Each structure stands twice: as C-alpha cells, then as structure tokens.
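# Residue-level structural notes
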Amino acid sequence: MFDLLAQGLGDFLQLKYLVPLLVGTLVGVVGGALPGITITMTVIMVLPFTFGLEPLQGLAAMVGVYVGGESGGLITATLIGIPGKPSSISTTFDGFPMSRKGEPGRAVWLGIWSSFFGGLLGGVFLIATTGWLAQIALQFGPWEFFALFMFALSMVAGLTEESLAKGLLAGAFGLIITTVGTDPIMSVPRFTLGTDFLAGGFPFLPVLIGVFAFAQIMTDIERARSLAVGDAGAGQIVSLAVSQMKVVGEILGRPFLLLWSTFVGILIGVLPAIGGSAASVMAYDQAKKLSRHPERFGTGTPEGIIASEASNNANVGGSLVTIMAFGIPGDAVTAVMLGAMTIHGIQSGPLFMSQESALAYGIFAAYLLAHPIMLAIMAIGARWFLRIVTVPKSMLIPVVLVLCVVGAYALNNTMASVWVLAIFGVVGYGLVKLGFPLAPLILGLILGDQIEVNLVRALMTDSNLWLFVTRPISALLLALAVGSVVFALWQRRRSRSVRTDEPDTDF
C-alpha cells in the first residue's frame, strides 16, 4: 500500500500531473469563493478540458477543484457574510461576526487551517478504508447491491429538509428518466415514441449539467440584485495579517472538536449524495451541543468555524471512498467524476482498487497534495479573491452558460446532448420553483439502471423474493432504508411539535 502511495506521490513530481492538480485547485478556490457558483458547476466547467487528458491528469484536476472549492467558500463567508457555496453557510454564523469584530485574518485562517487538517484526516480515512470496503463489496451479490442502492436512495429522500414527499417524488422521477431508451438487460426499446432522439435514452452528464448548472443560472438571474456583492465591502482593502502559529494552536488546542467534526464530515461523505452542506451544519450543531458555552455560538466563536470547515473537507474524503469502493457517487461532484471515469473507459466499484490500483493511489496522492497546494494558494491570494467576487453577474453568467453548453456538446459531439441539457435545464428550474430538491432526482438517475439491473439479475438467478430479506447484508441494508424514512418522519413530527409547544419568548 505504502509503495503504491509513494509511487502516486512520485508521479505528481512530473509537471504533466502537477499542473492539472494546481490549476484545478486554483479554479476550485475561485469557484468556491464566487457566491452562487457551486463546486458542482465549477467541476462541470472544468470537465470538457479533461477529455483529452490522461485519466489521472483529468481526475487530478477534478480532485483539485473539489478540495479547493470546499475551502474557497469560506473567504466570502467570513469576510462579507455571503457563503461562496452552500456548505459554507454554517461558516458565516461565526466567521462573519468575528470579522466584524475586527479579526478578519483570524476568521479566515481559522477556516483555512481547519479545512487543511480536516481534509488530511479525511485522507487518512480514505487511504485506510477504501481497499477494505472494496473487499467487503466483492462479497455483494445482486441482492446486496439492490438493497444498497435502495438504502442510498431512501436516505437522500429521507434527509430532504423541506418535504419528505417531494424528496421521494424527485427520486422517483429520476428513476423514471432511466427507463427511457433501451432496456439494459434485454435491449428492448422503451418509451422512445419511435424517435432516434429517445432511442439512446438521456445521457447522464447533459442531464446533470442541465438540472444543476442551468437551473442554478436561471435562479441567479432572478436573484441578480440580491446576489450582487459590490456594496458588501468589495472596495475595502482587508488586512488578513495574523499569527499563524497562534491560529494553528487554537485549532490543535481543541483536538476533540477537530476529530469529532472530521468524523462527522467523513460519515456524511460516505453516505451517498447527502453532501457537504449537511456535514457542516451537523458538525456545527454537534459542536454547539458539546460546548460548555453554547451561548457564544453565532457571536464569533472559533469553535463554530473549526467545526464547519473541518467537516467540509473531511466530507470530500468520505465521498471519494464511496465512489471508489462501491461505484456510488457521494455527491454531485463525484457524480461528475464518475461520468469522467466512464468516458475514459474506467469502471469504478469493488474491482477498481485491484484492477486500477495505480490510478486509485494516484487519486489518493492528488487528494493529499491538493491540501498544501490549497494552503499556498490561500496564502498568496486570499485578499485578492475579494476582487473576483465583485465581477458583475451580467458578465459571469453568460461565460458559465457557454461553458456548460460546450461541456454537453463535447460529450458526443452532437447537438442532441445540447437539447437534453436545455430540456432538463427547464425541468430542473421548474422543480426548483416548485420546491422539489434536485439531489434525490440526480441520485435516482444515477442509480436507476443499477437498481433495475441488480433486481433483474437477482430474480433471474433465483425467483425467490425472500432472499432479499433472508440474506443478512441485504436484509440489514433494506432495514436501514426503511429506518431512514421512518426516522425522517419521526424527526419531522418531533420538530413540528417542538415548534408548536415552544413558548413565544425571546431569549
């Protein structure tokens, strides 16, 4: 293991691998710092430029975007109170108040160093457990994989914040989309309406770009005035000078908080498609509950920043474990990475570690090296990133839209992919307007074929349905799937009753 990791690290001494990682990390930091430009959109914009690269070069660039993006969002979150990405929302709770109290450098660097330490600890978990989990996955039959995919799907729907019913419906819609085209087992056309356009089904990446990026762009156009940050302190020259040793000491002086927040981030990352937003909010909530002074949270306490940012980057390691060991994307970013691996003819999943060991450890090395690169980029340019966030939306949005269209077209060099992007852009925007979450839809789209394939394979092997509940692992995963939905229902009922019974008193 260590020999392969050393070989992977050695590969990045070559410029052909180091440059894509460096550029990807820089682009990720910038994309993460731009309010309204998510990491998913950033990695989608980078995707077309990786098609002509070697697999490790392209994946290194996307790993760099992932790591850099998770850290970049803290810049605007702490300095101007606008999170650059959704998972930085909880960083604003204490980062911005700390900046307003005259300690912007402390706020920024607490976040940067927490991201660095949390990410490296997540890397240790990534390297230590991916092979072991892949070995477990090799014991899976079609019954276990079907149960695993159902567990993943039910968990995302169950953790939908606003409406459980809408989360389940969005997931079901994603599954329905996968039935259009050719049956993956019997090659029978389904729902094609006799057209060549539908005969091949809907390509995953154009759908992903349309649903996430295009819908986000349209939403940003609607909110253009509220998203403008030119009056939020953009013209100010902010001094970020701070004692680095003192900041590092503040973080390492709270080892339990750092480790526990990292653990929460890894755990949420391993659970498919939940994402960094849930990880940071949960870690922040845990830090507040475990604190001796919970009343200080929200006023500029360092614990809030440490918890949020350590969990953010640890979440990346957990998401990479899921895609490499099970072939299931941990979130939308790893879904794009999964698509890129498919384009390069690489099959992720249980056999990935044994069949593509050099590439796997190259990804590990890229993940580890992306963190010191991120640290260096932040040290050199953190103050100047504030200039970037003042770019007018009228200039930024057209550039992003063009890159999205180029990315869709470059997939197969056909206009059909662009039309798919446009169709699902409108669909995604409509779903957002109606309050439907997009993550369950995308996961349903990703897992739909696999759910069907494994269900049919299981029934072709043995038509006895009881095997799904008599095989231990399958039974456990199905029980967890049911439990996640039941728990979500109980949690909603409990929170609703708490709000009803809560006295109308200001504290």
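Described in the following lines is the structure provided in the data block. A quick note: this is a predicted structure, and the numbers were derived from the prediction, not measured. (Residues numbered from 1 in each chain as written. Predicted model: local features only at pLDDT ≥ 70, side-chain atom pairs only at ≥ 80, totals over all residues. Heavy atoms only, no water.)

## Thoughts on the overall build of the protein chain
Along the protein chain, the regular secondary structure elements total 24 helices and two strands. In the protein chain, which comprises 507 residues, the share counted as buried stands at 55%. Across the protein chain, every contact between residues at least 6 apart in sequence was considered, and the portion connecting residues at least 24 apart equals 78%. For the protein chain, the exposed area adds up to about 22,100 Å²; of that, 66% sits on carbon and sulfur atoms. (Helix = DSSP H or I, 4+ residues; strand = E, 2+ residues; numbered from the N terminus. Buried < 20%, exposed > 50% of the residue type's maximum accessible area, 1.4 Å probe, protein only. Contact = heavy atoms within 4.5 Å. Areas by Shrake-Rupley, 256 points an atom, 1.4 Å probe, with all protein chains shown as cover.)

## With respect to the environment of alanine 215
Along the chain, alanine 215 falls in helix α10 (residues 204–222). Using a relative accessible area of 2% as the deciding quantity, one classes alanine 215 as buried. With 215 residues separating them in the primary sequence, alanine 215 and glycine 430 have C-alpha atoms 8.2 Å apart. Not counting chain neighbours up to four residues away, the residues in contact with alanine 215 comprise Gly210, Gly425, Gly428 and Tyr429.

## Quick look at helix α3 (residues 39–46)
Judged by how many residues are buried, α3 sits mostly within the fold: eight of eight residues are covered. Along α3, the residues classified as buried are Ile39, Thr40, Met41, Thr42, Val43, Ile44, Met45 and Val46.

## Examining the pattern of salt bridges
This structure, assessed with the given rule, holds six salt bridges. Here glutamate 54 ties to lysine 16 by a salt bridge, and the two come within 3.3 Å at their closest N and O atoms. Taken together, the residues glutamate 54 in the loop between α3 and α4 (55–79) and lysine 16 in helix α2 (residues 15–33) connect sequence positions 38 residues apart. The exposure class of glutamate 54 is partly exposed, given its relative accessible area of 33%. Looking at lysine 16, the relative accessible area reads 37%, which means it is partly exposed. Put simply, arginine 254 and glutamate 303 hold a salt bridge, and the shortest N to O gap is 3.2 Å. Of the two residues, arginine 254 sits in the loop between α12 (244–252) and α13 (255–270) while glutamate 303 sits in helix α15 (residues 302–326), which places them 49 residues apart along the sequence. Judged by its relative accessible area of 24%, arginine 254 falls in the partly exposed class. A network of salt bridges, in which partner residues are shared, links Glu103, Arg106 and Glu250. (Salt bridge = Lys/Arg side-chain N within 4 Å of Asp/Glu carboxyl O.)

## Section: a nonpolar patch on the surface
A cluster of nonpolar side chains, namely Phe197, Tyr409, Met415, Trp419 and Ile423, defines an oily patch on the protein surface of about 510 Å² accessible area. Here the nonpolar patch takes three residues from helix α21 (residues 415–433), the largest share from any one element. One can find methionine 415 in helix α21. (Patch = residues over 30% accessible without salt bridge, like charges linked within 9 Å, V, L, I, M, F, W, Y side chains within 5 Å.)

## Some details on the nonpolar core
Judged by nonpolar contacts, the single largest core of 119 residues is most densely connected at Trp113 and Met324. Broken down by element, this core gets its largest block of residues, 15 residues, from helix α18 (residues 357–381). Setting aside residues no more than four positions away along its own chain, methionine 324 makes contact with Leu126, Thr130, Gly349, Phe352, Met353, Ala360, Ile363 and Phe364. (Core = buried A, V, L, I, M, F, W, Y, C linked by side-chain atoms within 4.5 Å.)

## Digging into the side chain of threonine 25
Positionally, threonine 25 belongs in helix α2. With relative accessibility at 0%, the residue threonine 25 sits in the buried group. A distance of 2.7 Å separates a polar atom in the side chain of threonine 25 from the backbone oxygen of leucine 21. Apart from residues lying up to four places away in sequence, threonine 25 is in contact with Gly64, Val65, Gly68, Ala370, Ile373, Met374 and Ile377. (Polar contact = N/O pair within 3.5 Å; in protein donor to acceptor, adjacent residues only side chain to side chain.)

## A word on the layout of surface pockets
As a volume, the second largest pocket reaches approximately 1,200 Å³. Breaking the lining of the second largest pocket down by element, the ones donating at least two residues are α7 (142–158), α8 (164–178), α10, α16 (332–343), α17 (352–355), α20 (393–412) and α22 (439–461). In terms of residues, the lining of the second largest pocket owes the most to one element, α22, which gives eight residues. Of the residues that constitute the lining of the second largest pocket, the class distribution is 24 nonpolar, 15 polar and two charged. (1 Å grid on protein atoms, 1.4 Å probe; cavity = no way out; pocket = protein on both sides within 12 Å on 5 of 7 lines; lining within 4 Å. Points joined across faces, edges and corners; volume = space filled by probe spheres on them. Nonpolar A, V, L, I, M, F, W, Y, C, P; charged D, E, K, R; others polar.)

## As for the packing of α15 against α18
Contact geometry of α15 with α18 gives a least axis separation of 12 Å together with a crossing angle of 175°. Considering the angle they form, α15 stands roughly antiparallel to α18. Where α15 approaches α18, its residues Asn313, Val316, Gly317, Leu320 and Met324 are matched on the opposing element by Ala360, Ile363, Phe364, Tyr367 and His371. For the contact of α15 with α18, the class distribution of residues is seven nonpolar, three polar and no charged. (Axes fitted to C-alpha atoms, helices over the stretch in contact; angles between N-to-C directions. Parallel < 35°, antiparallel > 145°, perpendicular 65-115°, else oblique.)

## Side note on α13
Spanning 16 residues, α13 covers 22 Å between terminal C-alpha atoms, matching the ideal 22 Å at 1.5 Å per step. Buried residues of α13: Leu257, Leu258, Ser261, Thr262, Val264, Gly265, Ile266, Ile268 and Gly269, and no others. (Expected span 1.5 Å × (residues − 1).)

## Digging into the packing of aromatic side chains
Here the distance between the centres and the angle between the planes together describe a pair of aromatic rings. Applying the stated criterion across every chain yields a total of 11 aromatic pairs. Here tyrosine 284 and phenylalanine 297 contribute two aromatic rings whose centre-to-centre distance is 5.5 Å and whose plane-to-plane angle is 85°, an arrangement assigned as edge-to-face. In this pair, tyrosine 284 is assigned in helix α14 (residues 276–290) and phenylalanine 297 in the loop between α14 and α15, connecting sequence segments 13 residues apart. Here tyrosine 284 and phenylalanine 297 have matching classes, each one buried. Cluster of aromatic residues (ring-pair linked, three or more members): Phe93, Tyr284 and Phe297. One Lys or Arg, lysine 166, reaches over the ring of phenylalanine 436 and ends 5.5 Å from the middle of that ring. (Phe/Tyr/Trp six-rings, centres within 6.5 Å; stacked < 30°, edge-to-face > 60°. Lys NZ or Arg CZ within 6 Å of the ring centre and 35° of its normal.)

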